[in-house]
Amino acid sequence: MNPHRRALIAGMAASPWLSLPGLARAQAYPAGPITLIVPFPPGGGTDASSRLIAQAVTQLTGWNIVVENRPGAGGNIGLGLLAKANPDGMTLGMGQTSNLAINPSLYKTMPYDARKAFAPVALVAGQPMILVVREGGAHRTLQDIVATAKAKPGTLNMASAGIGTVGHLAGEMFAKQAGIKFFHVPYPGAARALADLAGGQVDLYFGTPASVLPLMQSGKLHAVAVSSPERLPAAKDVPTIAESGYAGFSAEDWKALVAPAGTPATVVARLNEAVNQALKQPATQSRFAAEGSVTLGGSVEDCAKFMASEYDRWGQAVRDSGTKME
């Protein structure tokens, strides 16, 4: 089992949570609508996950959570606004791998300090990348890809949805562990990258389940491996990179609810309990599973430790790749 998930499960078993009815009887919080800043455009994966958890929490608590999309700069604009918000629990944000773990090492300047500007609230969900190739192409297995990359270094083109994205860096992390090199071809988003992959203009792509599952099901793309330690329920027949000969490999895109630093611990605890209760609902779990995600949850401490560990791990991946954004 993923050590991160073991820690989460241990923390969840040890935490004496408040009951949800207790939340309703506690002093008046929230005092009005809660704004949830989503630092990406409507319709994307982070937006979908944010609206899903907001709806689930609302149904359980009766709170009014208003989702506000503030996209730009890989999530930096939205979280920059959150960092300046009043720390009263009335403004929250959906942090994730890019804006909390990758961007601090990727961008020359940042509008916030990811380690100090936010109060971790709760881990929400995680999903792996799926390594895909063109259906009918020369490569069917991870061993095929590695063999070609070693025989002809730098000739395999790895598409990505952009420089410094989770898919890009997951590919770089794998290449380092496998001792190979890919030629990186960044695209302005997943749609064009996947179109060129299906057309044979590029060789491989690490993509989110939501972006690649439909093309796998239609027979245009072939799934080689997933980047999580365990197989993905939505693609049970696809092996993991770890089980394909690269023990310990893990590269997942995760999402975590955060608040401005200084938000009272009592408010953070109540938000954490509400999120955990929402994530335990079968309907919530099935909706996340449908998009290729696994619900996480756990204590505030679990969230803080996980975010700190991921900050170090993805920061090292950025430095190893030599990638920089102005």
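Residues numbered from 1 in each chain as written. Predicted model: local features only at pLDDT ≥ 70, side-chain atom pairs only at ≥ 80, totals over all residues. Heavy atoms only, no water.

(A) How the structure looks around the overall build of the protein. In terms of helices and strands, the protein carries 12 helices and 11 strands. For 326 residues, the compact-globule formula gives about 20 Å, and the C-alpha radius of gyration of the protein, at 20 Å, lands near that figure. Its C-alpha atoms give the protein principal-axis dimensions of about 65 × 40 × 30 Å. Split by element, the accessible area of the protein, about 13,600 Å² in all, is 56% carbon and sulfur. In the protein, which carries 27 positive and 22 negative side-chain charges, the distance between the mean positions of the two groups comes to 1 Å. (Helix = DSSP H or I, 4+ residues; strand = E, 2+ residues; numbered from the N terminus. Rg over C-alpha atoms; globule rule 2.2 N^0.38 Å. Areas by Shrake-Rupley, 256 points an atom, 1.4 Å probe, with all protein chains shown as cover. Lys, Arg positive; Asp, Glu negative; His and termini not counted. Charge placed at Lys NZ, Arg CZ, Asp CG, Glu CD.)

(B) Spotlight on the pattern of salt bridges. Following the criterion strictly, the structure yields eight salt bridges and no others. Between arginine 115 and aspartate 113 there is a salt bridge, with the nearest N and O atoms lying 3.6 Å from each other. Residue classification places arginine 115 among the exposed residues on the basis of a relative accessible area of 58%. Classification of aspartate 113 as partly exposed rests on a relative accessible area of 28%. Among the ionic pairs, arginine 231 bridges to glutamate 243, the shortest N-O distance being 2.8 Å. (Salt bridge = Lys/Arg side-chain N within 4 Å of Asp/Glu carboxyl O. Buried < 20%, exposed > 50% of the residue type's maximum accessible area, 1.4 Å probe, protein only.)

(C) Spatial organisation of the environment of valine 66. Tracing the chain through its elements places valine 66 in strand E2 (residues 65-69). The class of valine 66 is partly exposed, set by a relative accessible area of 39%. Each residue touching valine 66, except ones within four places of it in the same chain, is listed here: Pro33, Ile34, Thr35 and Leu36. (Contact = heavy atoms within 4.5 Å.)

(D) The arrangement of the nonpolar core in detail. Residues Phe174, Phe182, Leu204, Phe206 and Trp314 are the most contacted members of the largest nonpolar core, which totals 50 residues. Here this core spans two domains, since at least three of its residues come from each of domain 1 (34-127 + 253-321) and domain 2 (130-244). Leaving out residues up to four positions away in the same chain, tryptophan 314 has contacts with Thr97, Ala101, Ile102, Val166, Leu169, Ala170, Met173, Ala251, Glu252 and Trp254. Membership of the second largest hydrophobic core comes to 30 residues, among which are Val67, Met90, Met94 and Val275. (Core = buried A, V, L, I, M, F, W, Y, C linked by side-chain atoms within 4.5 Å. Domains from an automatic or database assignment.)

(E) Focus on the sheet that holds strand E10 (residues 252-260). Taken together, the six strands give an open sheet; going across it, the order is E2-E1-E3-E10-E4-E11, and neighbouring strands pair in mixed fashion. Of all strands in the sheet, those with a lone pairing partner are E2 and strand E11 (294-295), marking the two edges. Strands strand E1 (34-38), E2, strand E3 (91-96), strand E4 (118-128) and E10 of the sheet are contacted by helix H3 (residues 45-61), whose axis makes an angle of about 170° with E2. Along the sheet, helix H12 (residues 300-321) makes contact with E4 and E10, crossing E4 at roughly 65°. (Pairing = 2+ DSSP bridges. Axes fitted to C-alpha atoms, helices over the stretch in contact; angles between N-to-C directions.)

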